[in-house]
There are 2 protein chains.
Amino acid sequence: MGRRLSICSSIDDCDLAILASESSRMTVADGRSFIEEGAPANDFFVVTGGRVKLFTLLPDGRRQITGFAEGGDFLGLAASTSYAFGAEALGGATLCRFPHAGMQRLTERFPSLEHRLREEASRELALMQARMTLLGRKTARERVATFLIERCSHLDRPDPAHPIELDLPMPRTDIADYLGLTIETVSRILSAFKKEKLINIRSITHITLLAPERISMIAEGME
Amino acid sequence: MGRRLSICSSIDDCDLAILASESSRMTVADGRSFIEEGAPANDFFVVTGGRVKLFTLLPDGRRQITGFAEGGDFLGLAASTSYAFGAEALGGATLCRFPHAGMQRLTERFPSLEHRLREEASRELALMQARMTLLGRKTARERVATFLIERCSHLDRPDPAHPIELDLPMPRTDIADYLGLTIETVSRILSAFKKEKLINIRSITHITLLAPERISMIAEGME
DNA sequence: CCATCACCTTGACCTGAATCAAGTCTGGTA
DNA sequence: TACCAGACTTGATTCAGGTCAAGGTGATGG
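Going along each chain's sequence as written, the residues are numbered from 1 onward. Chain labels run from A onward and ligand labels from 1 onward, assigned in the order the entries are written. Where local features are concerned, this predicted model is filtered to residues with pLDDT of at least 70; where side-chain atom pairs are given and counted, the filter is 80 or more; whole-chain, interface and lining totals use all residues. Processing note: side-chain calculations cover all non-hydrogen atoms of the structure and skip hydrogens and water entirely.

Draft legend 1. Geometry of the interface of chain B and chain A. By the convention used here, residues are in contact when the closest approach between their heavy atoms is within 4.5 Å. Taken together, the contacts link 42 residues of chain B with 42 residues of chain A. Buried area: the accessible surface (1.4 Å probe) lost by two parts on joining, summed over both. Carbon and sulfur atoms supply 62% of the area that chain B and chain A bury against each other, a total of about 3,800 Å² over both sides. When the area that chain B buries against chain A is broken down by residue, the three leading residues are Gln129(B), Met132(B) and Arg137(B), summing to 22%. Counted as salt bridges are all cases of a side-chain nitrogen of Lys or Arg within 4 Å of a carboxyl oxygen of Asp or Glu. Counting the contacts that link chain B with chain A gives six salt bridges. A salt bridge links Arg118(B) to Glu114(A); its shortest N-O distance comes to 2.4 Å.

Draft legend 2. The environment of Leu58(B), seen in detail. You can see Leu58(B) is positioned in the loop between β3 (43-57) and β4 (63-70). For every residue, the accessible area obtained with a 1.4 Å probe (protein chains only) is divided by the maximum for its type, and the residue is called buried under 20%, exposed over 50%, and partly exposed between those limits. The buried category is assigned to Leu58(B), whose relative accessible area is 6%. Those residues in contact with Leu58(B) that lie beyond four places of it in its chain are Thr133(A), Arg137(A), Lys138(A) and Glu220(A). Counting from the N terminus, the helices are DSSP H or I runs at least four residues long and the strands are E runs at least two residues long.

Draft legend 3. Spotlight on the protein's contact with DNA strand C. Ala140(A), Thr185(A), Arg188(A), Ser187(B) and Ser191(B) are the nearest of the 15 residues found near DNA strand C. The criterion for a residue being near a molecule or strand is simple. One of its heavy atoms has to lie within 4 Å of it. Near the protein, meaning within 4 Å, the atoms of DNA strand C are sugar or phosphate in a fraction of 67%, with bases accounting for the rest. Pairs of N or O atoms are called polar contacts if they sit within 3.5 Å, as long as, within protein, a hydrogen donor faces a hydrogen acceptor (for residues adjacent in sequence, only side-chain-to-side-chain pairs). Glu184(A) has a polar side-chain atom sitting 3.2 Å from a base nitrogen of DNA strand C. One of the side-chain nitrogen or oxygen atoms of Arg172(B) is found 2.9 Å away from a phosphate oxygen of DNA strand C. Contributions of two or more residues to the surface near DNA strand C are made by α6 (183-195) of chain A together with α6 (183-195) of chain B. Take the surface near DNA strand C: its biggest share by element is four residues, from α6(B). Only Asp, Glu, Lys and Arg are considered charged in this grouping, and only Ala, Val, Leu, Ile, Met, Phe, Trp, Tyr, Cys and Pro are considered nonpolar; every other residue, Gly among them, is considered polar. The residue makeup of the surface near DNA strand C, split by class, is four nonpolar, six polar and five charged.

Draft legend 4. Representation of the protein's contact with DNA strand D in the model. What surrounds DNA strand D is a group of 15 residues, the closest being Ser187(A), Ser191(A), Ala140(B), Thr185(B) and Arg188(B). Contact distances for DNA strand D include 2.8 Å between a base nitrogen and a side-chain N or O atom of Arg188(A). Taking Ser191(A), its side chain carries an N or O atom lying 2.2 Å from a phosphate oxygen of DNA strand D. For the surface near DNA strand D, the secondary-structure elements that each account for two or more residues are α6 of chain A together with α6 of chain B. It is α6(A) that provides the largest number of residues to the surface near DNA strand D, a total of four residues.

Draft legend 5. Representation of unusual backbone geometry. Phi at Lys197(A) takes a positive value of approximately 60°, unusual for a residue other than glycine. Using a relative accessible area of 64% as the deciding quantity, one classes Lys197(A) as exposed.

Draft legend 6. Just the sheet that holds strand β9 (residues 206-209) of chain B, in detail. Residue and element names in this part refer to chain B. Two strands pair if DSSP finds at least two bridges between them. A sheet is described by the order of its strands in space; here three strands give the open sequence β7-β9-β8, paired in antiparallel fashion. The sheet is open, and its two edges are formed by β7 (164-167) and β8 (199-201), each paired on a single side. Within this sheet the neighbouring strands show an average axis-to-axis angle of 25°, counted without direction. Of the pairings in the sheet, the one linking β7 to β9 comprises four bridges and is antiparallel in character. Bridge pairing links Ile164 to Leu209 in β9. Under this scheme, a helix contributes an axis fitted over its contacting stretch, all axes are lines through C-alpha atoms, and angles between N-to-C directions fall in the 0 to 180 degree range. In the packing of helix α4 (residues 140-154) onto the sheet, contacts are made with β7, β8 and β9, and the angle to β7 comes to roughly 100°. Running at roughly 115° to β8, α6 makes contact with β8 and β9 of the sheet.

Draft legend 7. Structural context of the pairing of strand β6 (residues 86-99) of chain A. Residues and elements named next belong to chain A. As paired elements, strand β1 (residues 24-28) and β6 share five bridges and run antiparallel to each other. Within β6, the residue paired with Arg25 across the bridge is Cys96. As judged from the two bridges shared by strand β2 (residues 33-35) and β6, these two strands associate in the antiparallel manner. Across the sheet, Ile35 pairs through a bridge with Ala87, a residue of β6. Judged from the eleven bridges that link them, strand β3 (residues 43-57) and β6 form a sheet pairing that is antiparallel. Of the residues in β6, the one forming a bridge with Phe45 is Arg97.

Draft legend 8. Representation of the packing of α4(B) against helix α5 (residues 172-179) of chain B. Residue and element names in this part refer to chain B. Two elements in contact, α4 and α5, have axes separated by 10 Å at closest approach and are oriented at 110°. Considering their axes alone, α4 and α5 lie roughly perpendicular with respect to each other. In this structure, the crossing between α4 and α5 has a hand that is right-handed. Facing α4, whose interface residues are Arg143, Val144, Phe147 and Glu150, α5 presents Ile175, Tyr178 and Leu179. Of the residues belonging to the contact of α4 with α5, the class tally is five nonpolar, no polar and two charged. Our angle categories are set so that under 35 degrees counts as roughly parallel, over 145 as roughly antiparallel, 65 to 115 as roughly perpendicular, and the remainder as oblique. In a left-handed crossing the near helix is turned counterclockwise from the far helix by less than a right angle, and in a right-handed crossing that turn is clockwise.

That is the geometry; function is a separate question.
This is the structure we're talking about:
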C-alpha cells in the first residue's frame, strides 16, 4: 500500500548504495503469491513494477481483496510479527524486498524515512476508511461506480466531464472480491452502465467512462 | 486508533512537562462530535478516558462506523490535510489534543515517537484489513459473532472456553453501523444466539458469552 | 405509581444480490 | 479457418437481510 512516492524520496541525495545494500530485487510471475497471510513477517516490500493484489481469506475460501498496489506502493507496513494479508502478483510484478533488520538500519541512518513510512501508513488508513464505507454501506451499483472512479484517480485525471480511458488489468473475480460482490453482479452492473451510456466496454480490460461526473454521483449515492 | 500503549511510552523518563506543554486536555460530552469529516486536520488526539466512535458518512446519511477507540488509543493519524472520518464521544470521553505543529516539535525532540506512531498506524492497518473482510465477505451471523469476540479481546481474556462477561457500551444503532447491518438484524441475531444458548443477555448492555469457543468458530465461518 | 420517551425486539413482507445454469466471446493452437 | 479452454455475460430463481410496522422494556420525572 502507499502510492506514487518512492521510498527513495526521503533519502534524496544520500547514498543510494546503502539503500541497495539493504534490499534485494525480486520478480514475481503472474498469479504467484509472495506473501502468505499469517506467515512470520520478515520483510517489507516496495512495488517497483507491475501490479500486486493484497487479500485476506476466510477458512472456507471466501476472499476479500483489501487493495491493489502498483509501482511505488509499500507493502508489509501492517506488520506485527505476522502478515495480516496475503499478496500475489497480478500479471507479473517486480519488487524490492527489505528485511526488517535492514529496514531498521535504514531508519536509523535516515530518520526522515520513519516519517515517510508513517505518512504512507496514514494515507493508506484514510483509503481503508473509505473502503469500509463502500463495503459496509454502499449498494452494488455504488460500489462498481466507486471502483471505476477510483481507477481514474490512479492516472492523473486530465479533466472531469470528459471521457476517460481506463484499463482494468484485473479479472472480474478480483474486482468482485475487492468490492465484496460476485462476478455475476459486477458483470451485470457494468452491462447496465453500458446500456445507460455511462461507459463503453471496448474490451474486457478496456473501458471508457463516457460520463465520469454522473458515475461519481452514483458512487456517492446521489444519482 | 491504536491501543493500550500510551503515547508517553516512547518518551519514558523524559520531561513529561514538554509533552504537556504541547497538548491540551479536553472533555467531550456524550454524543458530542469533536472531529468533523472533511474538516481541516489540525490536531492529533489521544483518548485518555471514556470511549469514542469514528465514522464516515455518505451524503444521504448512511453511516459506517470505522472503529471504536478508548483509553490509550490514537486518533487523527489518518491525516492528510483533512480528516477522513468524523469522531464523536460515546458516553463521554476525555482527550489529549496535540496540534500538528506541536506534534512535529515533539517528534523532533523524541525521534522514537515517530516510530511509535508508525507502529500504531500499522497495527490499525492490520485491524482494518480484518474489518474489510468482515464487511465484504461475512454473513450477518458471522459479523455479530466477530463483534462479540472482538469485544472480548479488549479486556484481557482470562481463559477461553469459560463464560465471559461483556458490556457493550454502544447502542444497537452503533453496532449495526459498525457491522454494516441494520439494528433489526443485530437484534435478531443476538436473540438467536441467546436461544441457542451461546450467550445470555442480562441487560441491553450486559452480555455473557456462554460458549466463546463456538462463537469464535461462527465468527470465522466454521460453525 | 403511572406516564413518557427512547431504545430495543419481534413479526410480516419485500427486494437486491447471490446462486444456479446456460450461453457467448476471446485468444491461442493447429 | 476451425477448434478449444477459460473468462465473461445473461437469464431464472432463491434467499439473506432490509424495510415497514407493531409491540415491549426500562429509566426518568410528575
